[in-house]
Amino acid sequence: MKKTFLILSGLLLCGSTWAAGTSGDADMNRFIDSLMSRMTFSEKIGQLNLPGAGDITTGQAKNSDIAGQIRQGNVGGLFNIKGVEKIRDVQRIAVEESRLGIPLIFGMDVIHGYETTFPIPLGLAATWDMEAIERASRIAAVEASAAGICWTFSPMVDIARDPRWGRVSEGIGEDPFLGSAIARAFVYGYQGRDPKHFADDEIMGCVKHYALYGAAEAGRDYNTVDMSRQRMYNEYFPPYKAAVEAGVGSVMASFNEVDGVPATANKWLMTDVLRDQWGFGGFVVTDYTGIMEMTAHGIGDLQEVSARALKAGIDMDMVSEGFLTTLEESLASKKVDVEEIDRACRRVLEAKYKLGLFEDPYRYCDPQRAKERIFTEEHRNEARRIAAESFVLLKNDNDLLPLRRKGTIGVVGPLAMSRENMPGTWSVATDLQKPRTLVEGLQKAVGKKARILYARGSNITHNEELEKNCTMFGRDIPRDGRSDREMLDEALQIAAQSDVVIAALGETSEMSGESSSRSQIAIPDAQQELLQALVATGKPIVLVLFTGRPLTLEWENEHVPSILNVWFAGTEAAEAIVDVLFGDVNPSGKLPVTFPRNEGQIPLFYNHKNTGRPLLGDRFEKFRSNYLDVPNTPVYAFGYGLSYTQFEYGDVRLSAGEMTPEGSITATVRLTNTGKREGTEVVQLYIRDVVGSTTRPVQELKGFQRVTLKAGESRDVQFTIDASLLKFYNYDLEYVCEPGEFEVMIGGASNAVHKAAFSLK
Ligand code: BGC
């Protein structure tokens, strides 16, 4: 067994390394007891401080203000510094120049990959492939940990039913069951299966934003949230809880309020639910300036809100420096007590211990590893495969896709020629010059077999203000100085010469993500006009749609023959898009969110309640729950997505008509690939609890399987249904299943299902 070698201010702390199990816990506790007995209050408070990295990001470690703070023992960790040498230098200051030599923890928003970037999380969710998501997170961990990062602010598992909210792109979509599976896959990918011991190529996850951040009123970022406890427990909490159960090492508090108290100061949320009900044992960090913002929320000055955050159960203060600057005073005036500071400090030190930082503070800073393990061919191949899996074929009239590598292919649209736009929001560590543009990807794929013509066609939008507002992080697409008419004429000329036109349109990557709410979620105006003009030419048009959120696509669905939704698919996006366009990969993605017809329908989600006046058909009916001017249905339902082949579902067969809470039944459906090529279908199981003590959703996802069938092949697909799939939180928040009738629905989308029924005795 290796020995802990860290010298803490002259004292050699020698003990066996931490290992899973009680003796491991005992070793850790002994180590931390001993360390804490030597810490001053101010050093303890220093561990709770996670400042912005400031000058250190530019490599000026030694002379920066932060360096001084680190020497003083006022810093517990830093985040979003890229570069193994930079991180090493800063760690050296902490270890060699602070009194106790406590190593820093280095975090980063490694949200969908490090340098090898995978699809944005919403795209990953669209794969419905938990192995792929675990693999993507594993690769992210391997790369980040080789570059000095041992902590990632991911997964983001905020259920989001309002696509106006830009952060829909960073999450898992609208469904708690799918979201929970994804939360687990992310955590296992980052941390492995043993949350108490990290290998040197694993990193600690941080599930966020706890809680309910995705339910911001009006889809406006950072806005107020207010919801019933039933909804929290049944619909919004499950993915956070799943991450905790998978062993996630840390949790990030959300910006919003919950029940009138900001999450960051909400003791019920941070302690009663998170720790007492779910048994979370890691540490909780605020979001960026989360403590400071509580002064704007209006619940007190910095000292007051810092004390409230600590008492609620927050352990680390990101950027506000509220803990650093006020806790000593609060201790003196008995606003907080010693135990509360000790508790938070211990949790932060435990995380560092589990990460092995006391054993070797440079464990994640190996320049050789950084050279060998980042952006490797193997990782890029995986990213390409997973990117292609994330695409959702929304429409494909007359099998226009896949295309053949022949003739003349016109490519039109302002998104076809950008590399910076490909990876998607929060690609903090990505080299934005590395991705290919779509045009380059196409040219490479067709070689001399076909001719590729390109015209930009339009700017992103006529609205220059909007364009400026979402121009960030070097990911803007500069405006073209030509007039709209000139650009359009060029595009129409290209179209006239082409056998097929690929229109690469949609959002730029920074139109979704943080602080990117939109009140109108159509394809931006200038591009929509371009698309309409292209469609009017009568040429076959394939819309390659870039987006970080559901868009309103009613017109497009009616008029454009083929639509492939590619989200933002990471560094290998161009290659993956080309793989699918030419049919080297058969698309299999399914929507993890509903695509509404217009913004007025929002929030529109598949697992809604029935109401007392449900609409029975799909036409307007007076005195029913519907609109005068738009149907209740979406353009594309949750779970929807086409393939280049076709799948047929047989009837749902149940192994029994009744079951007991201790028993189970099997639901079977015959799936047949009736098309001409191999394909993968995501078979989805939904259940409806027909009568309950509280109202229940009209359907809830309760299982899914990716099934690959050759042309003409059939297979029985089975789901086991037991009480765990029937349970919900009742009015008193007890987790129960109630006797009565249940409907079982199986199909390839939430609105295309075959039904059967059973009763629970
Ligand atoms: C975001 C978080 C992110 C943090 C650190 C905040 O603005 O809300 O999701 O992890 O910044 O970069």
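Here is what the cut-offs are and how they apply
Residue indices begin from 1 for each chain and proceed along its sequence in written order. Side-chain atom pairs in this predicted model are given and counted only at pLDDT of 80 or more, local residue features only at pLDDT of at least 70, and totals for whole chains, interfaces and linings cover all residues. To get the side-chain values, take all heavy atoms of the structure and skip hydrogens and water. Counting from the N terminus, the helices are DSSP H or I runs at least four residues long and the strands are E runs at least two residues long. Radius of gyration here uses only the C-alpha atoms, and the compact-globule reference equals 2.2 Å multiplied by the residue count raised to the power 0.38. The cut-offs for exposure are 20% and 50% of the maximum accessible area for each residue type, with area from a 1.4 Å probe on protein chains only; residues under the lower value are buried, those over the upper are exposed, and the others partly exposed. Charged residues are defined here as Lys and Arg on the positive side and Asp and Glu on the negative side; His and the ends of the chain fall outside this count. Where a charge lies is defined by one atom per residue type: Lys uses NZ, Arg uses CZ, Asp uses CG and Glu uses CD. For this analysis, residues touch if any pair of their heavy atoms sits within 4.5 Å. We call a set of buried Ala, Val, Leu, Ile, Met, Phe, Trp, Tyr and Cys residues a nonpolar core when their side-chain atoms join them within 4.5 Å. One heavy atom within 4 Å of a molecule or strand makes the whole residue count as near it. Think of a polar contact as two N or O atoms within 3.5 Å of one another; within protein, one of them needs to be a possible hydrogen donor and the other a possible acceptor, and neighboring residues in sequence only count if both atoms come from side chains. Areas reported here follow the Shrake-Rupley algorithm with a probe of radius 1.4 Å; residue values treat only the protein chains shown as occluding. When residues are sorted by character, Ala, Val, Leu, Ile, Met, Phe, Trp, Tyr, Cys and Pro go into the nonpolar class, Asp, Glu, Lys and Arg into the charged class, and all the rest, Gly among them, into the polar class. The way it works is a 1 Å grid over only the protein atoms, where trapped points that fit a 1.4 Å probe form a cavity and open points with protein on both sides within 12 Å along at least five of seven lines form a pocket, and then any residue with an atom within 4 Å of a point lines it. Grid points are joined across faces, edges and corners, and a volume is the space filled by probe spheres set on the points. Paired strands, in this sense, are two strands between which DSSP finds at least two bridges. In this analysis, axes come from line fits to C-alpha atoms, helices being fitted only over the stretch in contact, and the angle between any two N-to-C directions falls in the range 0 to 180 degrees. What pLDDT expresses is the predictor's confidence in each residue, scored from 0 to 100. Less than a right angle of anticlockwise turn of the near helix away from the far helix marks a crossing as left-handed, whereas a clockwise turn marks it as right-handed. When an angle is under 35 degrees it counts as roughly parallel; over 145 it counts as roughly antiparallel; between 65 and 115 it counts as roughly perpendicular; any other value is oblique.

1. Considering the overall build of the protein
A tally of helices and strands in the protein yields 22 helices and 29 strands. Here the C-alpha radius of gyration of the protein, 27 Å, is about what a compact globule of 761 residues would show, namely 27 Å. Each principal axis of the C-alpha atoms in the protein carries an extent, and together these give about 80 × 65 × 50 Å. Counting all 761 residues of the protein, 62% fall into the buried class. Taken together, the 83 basic and 103 acidic charged side chains of the protein have centroids lying 3 Å from each other.

2. Thoughts on the environment of Leu393
Along the chain, the position of Leu393 falls in strand E13 (residues 392-396). Looking at Leu393, the relative accessible area reads 0%, which means it is buried. Between the C-alpha atoms of Leu393 and Ala667, which are 274 residues apart in sequence, the distance is 28 Å. Once residues lying within four places of it in the same chain are set aside, the contact partners of Leu393 are Leu401, Ile563, Leu564, Pro587, Tyr640, Gly641, Leu642, Ser643 and Tyr644.

3. Considerations on the nonpolar core
Counting 139 residues, the largest nonpolar core has Trp151, Tyr210 and Phe237 as its most contacted members. For this core, the leading source of residues is helix H6 (residues 130-146), giving nine residues. In contact with Phe237, other than residues within four places in its own chain, are Ala211, Leu212, Met232, Trp268, Leu269, Val273 and Trp278.

4. Quick notes on the site of the ligand
What surrounds the ligand is a group of 14 residues, the closest being Asp109, Arg167, Lys208, His209 and Asp287. One of the side-chain N or O atoms of Lys208 is found 2.8 Å from an oxygen atom in the ligand. Glu514 places a side-chain nitrogen or oxygen 2.8 Å from an oxygen atom of the ligand. Taken by itself the ligand offers 310 Å² of open surface, and the protein chains cover 95% of this. Looking at the shell around the ligand residue by residue, the class counts come to seven nonpolar, two polar and five charged.

5. Focus: the layout of surface pockets
Roughly 1,000 Å³ of internal volume is contained in the largest pocket. Around the largest pocket sit 33 residues that line it, and Tyr606, His608, Asn632, Thr633 and Val698 are the ones nearest its centre. When contributions to the lining of the largest pocket are tallied by element, the ones reaching two or more residues are strand E28 (740-749) and strand E29 (752-760). Tallied by class, residues from the lining of the largest pocket come to 15 nonpolar, 13 polar and five charged.

6. A closer look at the sheet that holds strand E7 (residues 206-210)
The pairing of strands in a sheet comes from backbone hydrogen bonds and takes either a parallel or an antiparallel form. If you walk across this open sheet you meet the three strands as E7-E8-E11, and the pairing is parallel. Strand pairing shows two members of the sheet lacking a second neighbour, E7 and strand E11 (283-285), which therefore form its edges. The average undirected angle you get between the axes of adjacent strands in this sheet is 25°. Direction of pairing for E7 relative to strand E8 (residues 250-253): parallel, over a ladder of three bridges. Across the sheet, Tyr210 pairs through a bridge with Ala253, a residue of E8.

7. Digging into the confidence of the model for the protein
Here the protein shows a mean pLDDT of 95. Residues at 70 or above account for 95%. The element-level mean pLDDT for the protein is lowest in strand E2 (residues 11-12), coming to 38, with E13 highest at 99. Here residues 1-5 is modelled with pLDDT under 50, and outside its nearest four sequence neighbours on either side it reaches 21 contacts, counting other chains as well. Counting contacts from residues 9-22, a segment whose pLDDT is below 50, to residues more than four positions away or on other chains yields 39 contacts.

8. Digging into the packing of helix H19 (residues 484-497) against helix H20 (residues 525-536)
Following both chains from N to C, one finds H19 and H20 inclined at 35°, their axes separated by 10 Å at the closest point. Handedness of the crossing formed by H19 with H20: right-handed. Residue-level contacts link Leu488, Ala491, Leu492 and Ala495 of H19 to Leu530, Ala533 and Leu534 of H20. Among the residues making up the contact of H19 with H20, the classes are represented as seven nonpolar, no polar and no charged.

9. Some points on empty space enclosed by the protein
According to the stated counting rule, one finds three cavities of 30 Å³ or more in the structure shown. For the largest cavity, the calculated volume is near 110 Å³. Together, 14 residues line the largest cavity, and Glu43, Gln47, Gly73, Ser98 and Ile102 are the ones closest to its centre. Residues that form the lining of the largest cavity fall into these classes: seven nonpolar, five polar and two charged. Roughly 60 Å³ of volume is contained in the second largest cavity.

10. Details of the packing of helix H8 (residues 229-236) against helix H9 (residues 238-245)
Close contact between H8 and H9 brings their axes to 6 Å; oriented N to C, the two are set at 55°. The pairing of H8 with H9 is recorded here as oblique in orientation. From H8, Met232, Tyr233, Asn234, Glu235 and Tyr236 reach across to H9, where they touch Pro238, Pro239 and Tyr240. In the contact of H8 with H9, the residues fall into six nonpolar, one polar and one charged.

11. Topic: the environment of Glu339
The residue Glu339 is located in helix H14 (residues 338-354) in this model. Its relative accessible area of 56% is what places Glu339 among the exposed residues.

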